[in-house]
Amino acid sequence: VALAEENPTEKAYVGVNLGIANVINGKGSAVGGFELRGAPMLWKLYPQGGGFVTHRGAVYGYAGLGIDLRITDWALIRGNTAIGAYGEGEDRDLGHVVEFRSGVELVFVLPNEGQIGVGFHHLSNAGLGDRNPGTEIATVSYSMPLDKLF
């Protein structure tokens, strides 16, 4: 496995995703979100930020870092981690407003430089609250280079 070093992963991307939150423990919630990924910088790490909302009114906004590991010319593994703020709405109580997000995605690069991915992320307050139930989120995403939007 080599680090992704050439286009299209050298660009900034914007993406949307749909999926299910609370997939392992608890009643599942439909989730929709967005993400903005900057172009890679130091050690091929890139800045990222985004958020999601569930159909039960939970919201989460985050900022963090990611890295893409190319496995073929058309596929890569994306690892990422972030910190953010969570509001439960009528959804799962995660024990604290501050939640850490970590995850992995399998991404397929399309000929038009778009990317389709399947991801799995975990949210945890890392013991900041009296309780830390955490949650898992499975998503399908589509992203495209920012320079293709304008």
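Right, let's walk through the structure included here.

What counts, and where the lines are drawn
Residues numbered from 1 in each chain as written. Predicted model: local features only at pLDDT ≥ 70, side-chain atom pairs only at ≥ 80, totals over all residues. Heavy atoms only, no water. Salt bridge = Lys/Arg side-chain N within 4 Å of Asp/Glu carboxyl O. Helix = DSSP H or I, 4+ residues; strand = E, 2+ residues; numbered from the N terminus. Buried < 20%, exposed > 50% of the residue type's maximum accessible area, 1.4 Å probe, protein only. Phe/Tyr/Trp six-rings, centres within 6.5 Å; stacked < 30°, edge-to-face > 60°. Lys NZ or Arg CZ within 6 Å of the ring centre and 35° of its normal. Core = buried A, V, L, I, M, F, W, Y, C linked by side-chain atoms within 4.5 Å. Pairing = 2+ DSSP bridges. Polar contact = N/O pair within 3.5 Å; in protein donor to acceptor, adjacent residues only side chain to side chain.

**Structural notes on the pattern of salt bridges**
Side chains that carry opposite charge are capable of pairing whenever their charged atoms lie near each other.
Next, step 1: One pass over the structure, following the stated rule, counts 7 salt bridges.
Next, step 2: Of the charged contacts in the structure, one is a salt bridge between Asp147 and Lys11, with a shortest N-O distance of 3.4 Å. Remark: Lys11 occurs in the loop between strand E1 (2–3) and strand E2 (13–21) and Asp147 occurs in the segment after strand E9 (135–145); sequence separation between them is 136 residues.
Next, step 3: Salt-bridge contacts for Asp68 lead to Arg78; the nearest nitrogen and oxygen are separated by 2.8 Å. Here Arg78 lies in strand E6 (residues 75–87) and Asp68 lies in strand E5 (residues 59–72), a separation of 10 residues in the sequence.
Next, step 4: Arg78 gets classed as buried once you look at its relative accessible area, which sits at 2%.
Next, step 5: Three or more residues are tied together by salt bridges with common partners; here these are Lys11, Glu113, Asp147 and Lys148.

**Considering the packing of aromatic side chains**
Next, step 1: If you walk through the whole model with that rule in mind, you get 3 aromatic pairs.
Next, step 2: Taking 5.8 Å as the distance between ring centres and 25° as the angle between the ring planes, the aromatic pair formed by Tyr60 and Tyr62 counts as stacked. Each member of the pair, Tyr60 as well as Tyr62, is classed as buried.
Next, step 3: A ring pair is formed by Trp74 and Phe108, whose centres lie 5.9 Å apart and whose planes are at 15°; its orientation type is stacked. Here Phe108 lies in strand E7 (residues 98–109) and Trp74 lies in the loop between E5 and E6, a separation of 34 residues in the sequence.
Next, step 4: Among the aromatic residues, those joined into a ring-pair cluster are Phe52, Tyr60 and Tyr62.
Next, step 5: When the ring centre of Tyr62 is taken as reference, the NZ or CZ atom of Arg101 above it lies at 4.2 Å.

**Some details on the nonpolar core**
Next, step 1: Counting residues in each nonpolar core, the largest one holds 11 residues, listed as Ala21, Val31, Phe52, Ala58, Tyr60, Tyr62, Ala82, Tyr86, Leu94, Leu123 and Ile137.
Next, step 2: Within the residue set of this core, elements represented by two or more residues are E5 and E6.

**Some thoughts on the pairing of strand E8 (residues 115–124)**
Next, step 1: Where E7 lies against E8, 10 bridges are found, and the strand directions are antiparallel. Across the sheet, Val109 pairs through a bridge with Gln115, a residue of E8.
Next, step 2: Linkage of E7 to E8, two consecutive antiparallel strands, is achieved through a turn of 5 residues, within which Glu113 is found at a positive phi near 75°.
Next, step 3: With 9 bridges joining them, E8 and E9 adopt antiparallel strand pairing. Bridging across to E9, Phe120 finds its partner in Ala138.

**Observations regarding the pairing of strand E3 (residues 29–37)**
Next, step 1: Of the two faces of E3, only one is covered, namely that formed by Ser29, Val31, Gly33, Glu35 and Arg37; the face formed by Ala30, Gly32, Phe34 and Leu36 stays uncovered.
Next, step 2: Here E3 pairs with strand E4 (residues 46–54) via 7 bridges, running antiparallel. Opposite Arg37, over in E4, you have Gln48 as the bridge partner.

**Some points on the environment of Gln115**
Next, step 1: Looking at where Gln115 falls in the secondary structure, it is placed in strand E8.
Next, step 2: In this structure the C-alpha to C-alpha distance between Gln115 and Pro145, which are 30 residues apart in sequence, comes to 8.9 Å.
Next, step 3: At a separation of 2.9 Å, a polar atom in the side chain of Gln115 contacts the side chain of Arg37.

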